[in-house]
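Report on the structure
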Amino acid sequence: MSETIAALATAYGIGSVSIVRLSGKDALSISLKLLKLSNLEPRYAKLAKIYSLDDEILDEGIVIYFKAPASFTGEDIVEFQTHGGVMVSERILNELVRAGARLAMPGEFSKRAFLNGKMDLAKAEAMQGLITSKSEIAAKILTRQMQGDLSKFVGEIRSEVVKTLAFVETMIDYADDDLPTNLLEQTKQMLLKNSEKLERIATLSEQRRGLIDGFKIAIVGKPNVGKSSILNSFLAYERAIVSDEAGTTRDRIEENFKIGSHLVRIIDTAGIRKDAGRIEQIGINYSISAINEADIILAVFDGSNPSDEQDKEIIRLVSNSNKKAFFILNKSDLAFKFDIELEGAIKISAKTDTSVVLKELESYLKTQDTDEIMLSSNRQILSCKEASEALRRAFLRLNEDELEIFAYELNSAIKALSSITKPFERSEILDEMFSHFCLGK
Ligand SMILES: Nc1nc2c(ncn2[C@@H]2O[C@H](COP(=O)(O)OP(=O)(O)OP(=O)(O)O)[C@@H](O)[C@H]2O)c(=O)[nH]1
Ligand SMILES: [Mg+2]
């Protein structure tokens, strides 16, 4: 961490202000060179001219110096608030590099903050999740998580397990007696309770990944049933080509839009295509992959025609997927001829109004909102599952009176729990984790 790193901290593109961030032991001296100043007062916003090393003026902006350790990374940081757009900040970055800094890797500022003890891993991941979160509720949960909710939750379970382990190790070392029965019972309860708690939070978080990543909704159905018409109606513009020719949509089309407080991603697929009496495998594959990827499926049928084999295939695929699905009988402006009873099916005419589908989606998404703690990365989910399983195994060992293996399982649980918040020894795991962070963060 001896190098001084620099990066654009705001999004790359047009905006009124850009922030260039510099962190490391030479941050101040490098900045002073470009500012032609002899010093900067910590935590004071200073309006200053920024020069190149060749004395050319690059911009005039606000400069703020955060003296170590009272900064985001725990190192000296200087932030340059420059005029927005791409060119000004890029020129300043180039000069910072010429003056001795190097360009930061994605997540490198956060990684330094972590290594300098400014935040634990749970907080770092909550911060990253917050930046990319796709729903108001996720933003709420993750803000709380940054304040330490998840660390507290994990810490409490960890300390209960540590206490038990300490006690058991003493028993193994110093006593031949059996554990007192009331304590044994208490320990068993603790193991089961915490194993369930961890399992629950992992499962909930897995099911609700969409809160952070954005729920994916796939529109599937055979050709010509009105899938693209529904997409266009949702987006309120002609995004996809609609025609009475079966197989109009060949590629998959993806768009983001907001339903209630959720930013969702909707996928319009090519559907199952029939070719010379043979169901084309490629069409089926399109539908299957969209169904697998999606959190929610809109299975569309043409209500003005009797069902056929292809409709049945869609129903089968959707039912087997175990995903949340809405059945939609489209073309309700025409005479109704569909002959399969689909529970809860929504009748619409994409030509006139799809708002009832949006309402159903919105109320379903609302049911996914939660006030509970959520794990914001797969890494956290995996660690919680590992800890939960280790506690369950520990419970079984205790039942069989195998105290040494019991202690080993408790250790595994503690290790898994610690990995959520506390340092990993293996630096490549850290590199892997922080590399998914934004540049300049
Ligand atoms: N009468 C009526 N026609 C509709 C309705 N919705 C769609 N259509 C018509 O059905 C035809 C097919 O619509 P699309 O939206 O292209 O259907 P699709 O499912 O995307 O078709 P592919 O892309 O070929 O798989 C077009 O001619 C639409 O105008 C509806 O509610 N009522
Ligand atoms: Mg289409």
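Model, not experiment: these values are computed from the prediction.

**With respect to the side chain of Thr73**
Looking at the secondary structure, you find Thr73 in the loop between strand 4 (57-66) and strand 5 (77-83). Its relative accessible area of 0% is what places Thr73 among the buried residues. The contact partners of Thr73, leaving out residues within four places of it in the chain, are Ser23, Phe109, Arg112, Ala113, Asn116 and Lys118.

**Things to note about the site of ligand 1**
In the vicinity of ligand 1 there are 23 residues, among which Lys227, Ser229, Gly247, Thr248 and Thr249 approach most closely. In the environment of ligand 1, an oxygen atom lies 3.3 Å from a nitrogen or oxygen atom belonging to the backbone of Ser243. In the model, a nitrogen atom of ligand 1 is placed 3.1 Å from a nitrogen or oxygen of the Asn330 side chain. When isolated, ligand 1 has an accessible area of 660 Å², and the protein chains bury 92% of it. Of the residues forming the shell around ligand 1, the biggest block, three residues, is contributed by helix 9 (residues 227-235). Class assignment of the residues belonging to the shell around ligand 1 gives a composition of seven nonpolar, ten polar and six charged.

**Section: the sheet that holds strand 3 (residues 46-51)**
As summarised here, the arrangement of the six strands in space is 3-4-5-2-1-6, forming an open sheet in which the pairing is mixed. Whereas interior strands pair on both sides, the edge strands pair on one side only; in this sheet they are strand 3 and strand 6 (102-103). Running at roughly 70° to strand 4, helix 2 (residues 86-98) makes contact with strand 1 (5-8), strand 2 (17-23), strand 3, strand 4, strand 5 and strand 6 of the sheet. Where helix 3 (residues 108-115) meets the sheet, its contacts fall on strand 1, strand 2 and strand 6, and the angle it forms with strand 1 comes to roughly 130°.

**Structural notes on the sheet that holds strand 12 (residues 296-302)**
With mixed pairing, the six strands of this open sheet are ordered in space as 8-9-7-12-13-14. Of all the strands in the sheet, just strand 8 (253-259) and strand 14 (346-347) have a single pairing partner and so form its edges. Both strand 8 and strand 9 (residues 262-268) contribute to a ladder of seven bridges, which runs antiparallel. Its bridge partner lying in strand 9, Ile259 is registered against His262. On top of the sheet, helix 11 (residues 309-321) reaches strand 7 (216-220), strand 12 and strand 13 (324-330); it is set at about 165° to strand 12, its chief contact.

**Quick look at the packing of aromatic side chains**
Enumeration according to the criterion identifies four aromatic pairs in this entry. For the ring pair Phe301 and Phe338, a centre distance of 5.4 Å and an interplane angle of 45° mean the geometry is tilted. Of this pair, Phe301 sits in strand 12 while Phe338 is found in the loop between strand 13 and strand 14, placing the two residues 37 residues apart along the sequence. When sorted by exposure, Phe301 lands in the same class as Phe338, which is buried.

**Overview of the pattern of salt bridges**
Opposite charge on two side chains lets them pair, provided their charged atoms get close. The full count for this structure, using the stated rule, is 27 salt bridges. Between Glu160 and Lys193 there is a salt bridge, with its nearest N and O atoms 3.7 Å apart. Of this pair, Glu160 sits in helix 6 (residues 149-174) while Lys193 sits in helix 7 (residues 181-207); the two residues are 33 residues apart in sequence, bridging distant segments of the chain. You can call Glu160 partly exposed: its relative accessible area is 28%. Residue classification places Lys193 among the partly exposed positions, given a relative accessible area of 41%. One salt bridge in this structure joins Glu409 and Arg393, with 3.1 Å as the shortest N-O distance. Taken together, the residues span a long stretch of sequence, with Glu409 in helix 14 (residues 403-421) and Arg393 in helix 13 (residues 378-399) at a distance of 16 residues. By relative accessible area, Arg393 is classed as partly exposed at 37%. Because the salt bridges share partners, they merge into one network encompassing Glu3, Arg102 and Glu108.

Rules behind the numbers
Residues numbered from 1 in each chain as written. Chains lettered and ligands numbered in written order. Predicted model: local features only at pLDDT ≥ 70, side-chain atom pairs only at ≥ 80, totals over all residues. Heavy atoms only, no water. Helix = DSSP H or I, 4+ residues; strand = E, 2+ residues; numbered from the N terminus. Buried < 20%, exposed > 50% of the residue type's maximum accessible area, 1.4 Å probe, protein only. Contact = heavy atoms within 4.5 Å. Near = heavy atom within 4 Å. Polar contact = N/O pair within 3.5 Å; in protein donor to acceptor, adjacent residues only side chain to side chain. Areas by Shrake-Rupley, 256 points an atom, 1.4 Å probe, with all protein chains shown as cover. Nonpolar A, V, L, I, M, F, W, Y, C, P; charged D, E, K, R; others polar. Pairing = 2+ DSSP bridges. Axes fitted to C-alpha atoms, helices over the stretch in contact; angles between N-to-C directions. Phe/Tyr/Trp six-rings, centres within 6.5 Å; stacked < 30°, edge-to-face > 60°. Salt bridge = Lys/Arg side-chain N within 4 Å of Asp/Glu carboxyl O.

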